[in-house]
Amino acid sequence: MASSSYSNSPCAACKFLRRKCMPDCIFAPYFPPEEPQKFANVHKIFGASNVSKLLNEVLPHQREDAVNSLAYEAEARIKDPVYGCVGAISVLQRHVLRLQKELEATNADLMRYACNENMSAPTSQFGRRMGDHGAGSYGQSSGLYYSSPWNNNQPSCEDSQERGGEGNNM
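Since the structure is predicted, the reported quantities are computational estimates derived from the model, not experimental observations. (Residues numbered from 1 in each chain as written. Predicted model: local features only at pLDDT ≥ 70, side-chain atom pairs only at ≥ 80, totals over all residues. Heavy atoms only, no water.)

1. Re the pattern of salt bridges
Part 1 of the argument: Applying the stated criterion across every chain, the model contains 4 salt bridges.
Part 2 of the argument: For Arg-77, the salt bridge identified is with Glu-73, shortest N-O distance 2.7 Å. Highlighted residues: Arg-77 and Glu-73, both in helix 4 (residues 63–79), separated by 4 residues, approximately one helical turn.
Part 3 of the argument: A residue is classified by how much of its surface remains accessible, and Glu-73, at 16% relative accessible area, is buried.
Part 4 of the argument: Residue Lys-79 pairs with Glu-75 through a salt bridge whose shortest N-O separation is 3.4 Å. With Lys-79 and Glu-75 both in helix 4 and 4 residues apart, the pair spans about one turn of that helix. (Salt bridge = Lys/Arg side-chain N within 4 Å of Asp/Glu carboxyl O. Helix = DSSP H or I, 4+ residues; strand = E, 2+ residues; numbered from the N terminus. Buried < 20%, exposed > 50% of the residue type's maximum accessible area, 1.4 Å probe, protein only.)

Dropping the structure here:
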């Protein structure tokens, strides 16, 4: 919780509203004089009276979080008056979906590459593929597949062979 020196300088809210900052000022702990733009944004979007009412209704240990949320939303509303922080969230969600699709495509390419390497590797006289120094069994995946939390079905070389080799064309 940021604190304001009551005797030296009024809080950013009282300074902005041009009033005397009292020792029991509801704004003082959350709008220090060093951050005048924070209160100016909140006041412009929500109004000082509404913020004061809100802070009086919220439990004291939740006030700092409430002020931080109001300040974040006010700044977002100033940048994007229609959507505010929802617009930023939407942009980030679209970005995450695009990255998930890119990761899935890369994993599919990696599996095709691993399967093609397994199919084209020469075998020794003992039935073991050369270069496979006992690290895994003959039918296991190469271990190159990256498992993501949203993709629980991990394809293997055997899966693509059972489907008729549809994953083997590069």
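2. Overview of the confidence of the model for the protein chain
Part 1 of the argument: The share of residues in the protein chain with pLDDT of 70 or more is 66%, and the mean pLDDT across the chain is 79.
Part 2 of the argument: Long-range and interchain partners of residues 132–145, a stretch whose pLDDT sits below 50, account for 16 contacts in this model, where long-range means more than four residues apart.
Part 3 of the argument: Taken together, the stretch residues 165–170 has pLDDT below 50 and engages in 10 contacts with residues farther than four places along the chain or on a different chain. (pLDDT = per-residue confidence, 0-100. Contact = heavy atoms within 4.5 Å.)

3. With respect to the nonpolar core
Part 1 of the argument: Formed by 20 residues in total, the largest nonpolar core has its most connected members in Cys-11, Cys-25, Phe-27, Phe-31, Phe-39, Val-42 and Leu-55.
Part 2 of the argument: For this core, the elements supplying multiple residues, two or more each, are helix 1 (12–17), helix 2 (36–46), helix 3 (48–57) and helix 4.
Part 3 of the argument: The biggest single contributor to this core is helix 4, with 4 residues.
Part 4 of the argument: If we skip the residues at most four places from it in the chain, Leu-55 touches Ile-26, Phe-27, Tyr-30, Arg-63 and Val-67. (Core = buried A, V, L, I, M, F, W, Y, C linked by side-chain atoms within 4.5 Å.)

4. Looking at the environment of Lys-53
Part 1 of the argument: Within the element layout of this structure, Lys-53 appears in helix 3.
Part 2 of the argument: When its relative accessible area of 49% is taken as the criterion, Lys-53 is described as partly exposed.
Part 3 of the argument: Considered as a pair, Lys-53 and Ile-26 are 27 residues apart in the sequence and their alpha carbons are 9.7 Å apart.

5. Concerning helix 3
Part 1 of the argument: Looking only at helix 3, the buried set comprises Ala-48, Val-51, Ser-52 and Leu-55. Projected down its long axis, helix 3 carries its buried residues within an arc of 100°, all on one side.
Part 2 of the argument: Each element contacted by the buried residues of helix 3 is listed here: helix 1, helix 2 and helix 4. (Arc of directions from axis to C-beta.)

6. Quick word on the packing of aromatic side chains
Part 1 of the argument: Tallying each qualifying case throughout the model produces 4 aromatic pairs.
Part 2 of the argument: Arranged with centres 5.7 Å apart and planes meeting at 70°, the rings of Phe-16 and Phe-39 form a pair that is edge-to-face. Taken together, the residues span a long stretch of sequence, with Phe-16 in helix 1 and Phe-39 in helix 2 at a distance of 23 residues.
Part 3 of the argument: Seen from their ring centres, Phe-27 and Phe-39 are 5.4 Å apart, and the 65° between their planes marks the pair as edge-to-face. Within this pair, whereas Phe-27 is found in the loop between helix 1 and helix 2, its partner Phe-39 is found in helix 2, the two being separated by 12 residues in sequence.
Part 4 of the argument: Taken together, the ring pairs in this structure connect Phe-16, Phe-27, Phe-31 and Phe-39 into an aromatic cluster. (Phe/Tyr/Trp six-rings, centres within 6.5 Å; stacked < 30°, edge-to-face > 60°.)

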